[in-house]
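So the chains spell out like this:
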Amino acid sequence: MQTYVVCCPLSEAYLTHRFRVLTVLSSSDWYARTWQMRQIADTQQSASFNLRADGRQLRNETALRTKWDTYHNDARLHDRFTEVSQWQDVLEQCLQAVENEIAKLTEEKCATERELESLTLQLNTVAECIRQRDSRYGNDLVLSDEGDSELKNELGVIEHLKAFLTNKCQTAWEQINRLKEVQFSLQLDISNKKAAVAIDKENFEMTEDCSGTSYKPDPLRIPKNSIAHEAWLEHSQYKKLKADNELAASGRLREAMYWSREKAHNDLQAQHDATDYGLRRCIYETQRQKNELQWQRQKMMNEMEKMSKEIADLEHALMDKTNSAKLAETRLENRLYRPGAELVQDEAHFGLRDEVLQLRQTQQDLRKKIDDGKATYNDLEEHLIRLDQDIANKQHTLMTDLRCMDMRDVLKKGDLAPPATQTQRNIQLTQIEEELPKF
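Residues numbered from 1 in each chain as written. Predicted model: local features only at pLDDT ≥ 70, side-chain atom pairs only at ≥ 80, totals over all residues. Heavy atoms only, no water.

Thoughts on the packing of aromatic side chains
A complete count under the given rule lists two aromatic pairs for this structure. Geometrically, the ring pair formed by Trp68 and Tyr71 is edge-to-face, given 5.5 Å between the ring centres and 85° between the ring planes. Placement of both Trp68 and Tyr71 in helix H2 (residues 27-134) is noted, with a separation of three residues, approximately one turn of the helix. Look at Phe81 and Phe204: their rings are 5.7 Å apart centre to centre, the planes differ by 70°, and that puts the pair in the edge-to-face class. Placement of Phe81 in helix H2 and of Phe204 in helix H3 (residues 146-205) is noted, with a sequence separation of 123 residues between them. We classify Phe204 as partly exposed; its relative accessible area is 31%. Just above the ring of Trp232 sits the side chain of Arg80; from NZ or CZ to the centre is 3.9 Å. (Phe/Tyr/Trp six-rings, centres within 6.5 Å; stacked < 30°, edge-to-face > 60°. Helix = DSSP H or I, 4+ residues; strand = E, 2+ residues; numbered from the N terminus. Buried < 20%, exposed > 50% of the residue type's maximum accessible area, 1.4 Å probe, protein only. Lys NZ or Arg CZ within 6 Å of the ring centre and 35° of its normal.)

If you want it as structure tokens, here you go:
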């Protein structure tokens, strides 16, 4: 291959370019060059074909991968908000059960509190009965009889039941607080799940043609408070398990409170019957003793009347003996003035002397008997006063026990139930039942 320099004098291009180098190829070089260019072209075409094929394959693969990734992610999103919705339904059922349990437990607590209020009324009534019986007089104010023992036992039973029911109310209040904590936790979790379902449904309904799509600064970042799916599942299960446990505990507590109230009713009713029996027996014994004392008083009055009549008869007899004694002494004195030898101690003298002595002894005996009679009458009168006082004490004791029985009428089975409404409760507390019109 040779190289020649060709000069072009008449061209303006020549003036700007000093010379042009021309390459002159030989025939073999030309064919080689042609073959080389053909090879390069074939290689380039093959590379371009392969590149186009790879590009087409890549486009198809990426399109399919993107399509299936989108499909699978749509399915995952659908499964996810379906799972969250299912757990939301479960927790909403738990929330409804918790709210119902709170209402039931609150109602049970209110019923127990009304029972406590009725126990307070009963406690005041029993205490008033004890104070009434402490106002007895004399020998009737004994240290402890059957009525006092039963009243004090009833007072102890009521105080024990009050402490027991107060403890149950306190436990119910604590359980209600725990249920409200569970309720708040469930409401918060359900609200979060609703928000999560709304977000996932919105993402599920989005397509690549939506107007809200755009590049984000760092979409692959993981938030600090993010948790694993297993932890989320355990959290939801824990919420449900905690709610179930609290519901079970609340149910047992409601049963215990109902059982406690029924036991309180039964214990109180049994003690009320025992106390009423003791008071009725005391009333019977008091009435029997009063009747006995009244019978003794009647006998005492009859005896005093007889004694008074006997004393009057003795005094009348003494008065009768006075004139007889005067007569005998006058006769005996007159015979002392007989003259001379006629002043003898004859049978008349001895008879009059014996009569005077006998009348003096009779008067002395009558006076002694009158004194004894008056002393006996005074003793009878003093005993009658004691009988009257004892009868008055028995009457006061009897009226006291009867008033206690009247006061205990509010403790009957029909009145033990607490008032159903606030109005009835106010009427019972203010004790204005008699002032209200009857319909």
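Here we look at the packing of H2 against H3
Put simply, H2 and H3 touch, their axes get as near as 6 Å, and they point 165° apart. Considering their axes alone, H2 and H3 lie roughly antiparallel with respect to each other. Here H2 and H3 pass one another in a crossing that is left-handed. Looking at side-chain class alone, the contact of H2 with H3 contains 32 nonpolar, 13 polar and 20 charged residues. (Axes fitted to C-alpha atoms, helices over the stretch in contact; angles between N-to-C directions. Parallel < 35°, antiparallel > 145°, perpendicular 65-115°, else oblique. Left-handed = near helix turned anticlockwise from the far one by under 90°. Nonpolar A, V, L, I, M, F, W, Y, C, P; charged D, E, K, R; others polar.)

Notes on the nonpolar core
In summary, soluble globular proteins display a tendency toward joint burial of nonpolar side chains. Leu119, Val126, Leu151 and Ile158 are the most contacted members of the largest nonpolar core, which totals 19 residues. Sequence-distant contacts of Leu151, defined by excluding residues within four places in its chain, comprise Val126, Cys129, Ile130, Arg133, Thr275, Leu279 and Arg408. (Core = buried A, V, L, I, M, F, W, Y, C linked by side-chain atoms within 4.5 Å. Contact = heavy atoms within 4.5 Å.)

Quick look at the confidence of the model for the protein chain
Within the protein chain, residue pLDDT values average 83, and 87% of them lie at 70 or more. When pLDDT is averaged over each element of the protein chain, H3 comes out on top at 91 and strand E1 (residues 2-6) at the bottom at 42. (pLDDT = per-residue confidence, 0-100.)

Focus on the packing of H2 against helix H5 (residues 347-407)
Where H2 meets H5, the axes come as close as 9 Å, and the angle between the chain directions of the two elements is 175°. As the angle between them shows, H2 and H5 are arranged roughly antiparallel. Residues Thr125, Glu128, Cys129, Gln132 and Arg133 of H2 pack against Thr400, Asp401, Arg403, Cys404 and Met407 of H5. When the residues that make up the contact of H2 with H5 are grouped by side-chain class, the tally is three nonpolar, three polar and four charged.

With respect to the environment of Met405
Relative to the elements of secondary structure, Met405 occurs in helix H5. Between the alpha carbons of Met405 and Ile283 there is a distance of 9.7 Å; along the sequence they are 122 residues apart. Not counting residues up to four positions away in its chain, the partners in contact with Met405 are Asp276, Leu279, Arg280 and Ile283.

Some points on the side chain of Ser250
Considering the arrangement of structural elements, one finds Ser250 in helix H4 (residues 229-335). Of the polar contacts made by the side chain of Ser250, one reaches the side chain of Glu101; its length is 2.5 Å. (Polar contact = N/O pair within 3.5 Å; in protein donor to acceptor, adjacent residues only side chain to side chain.)

Structural notes on the pattern of salt bridges
One pass over the structure, following the stated rule, counts 20 salt bridges. Ionic pairing is found between Glu154 and Arg408, a salt bridge with its closest N-O pair at 2.8 Å. One end of the pair, Glu154, is in helix H3; the other, Arg408, is in the loop between H5 and helix H6 (413-416), with 254 residues separating them in the sequence. Each member of the pair, Glu154 as well as Arg408, carries the same accessibility label: buried. Notably, a salt bridge pairs Asp372 with Lys368, separated by 3.2 Å at the nearest N-O pair. Of this pair, Asp372 and Lys368 both sit in helix H5, four residues apart, roughly one helical turn. A relative accessible area of 52% places Lys368 in the exposed class. (Salt bridge = Lys/Arg side-chain N within 4 Å of Asp/Glu carboxyl O.)

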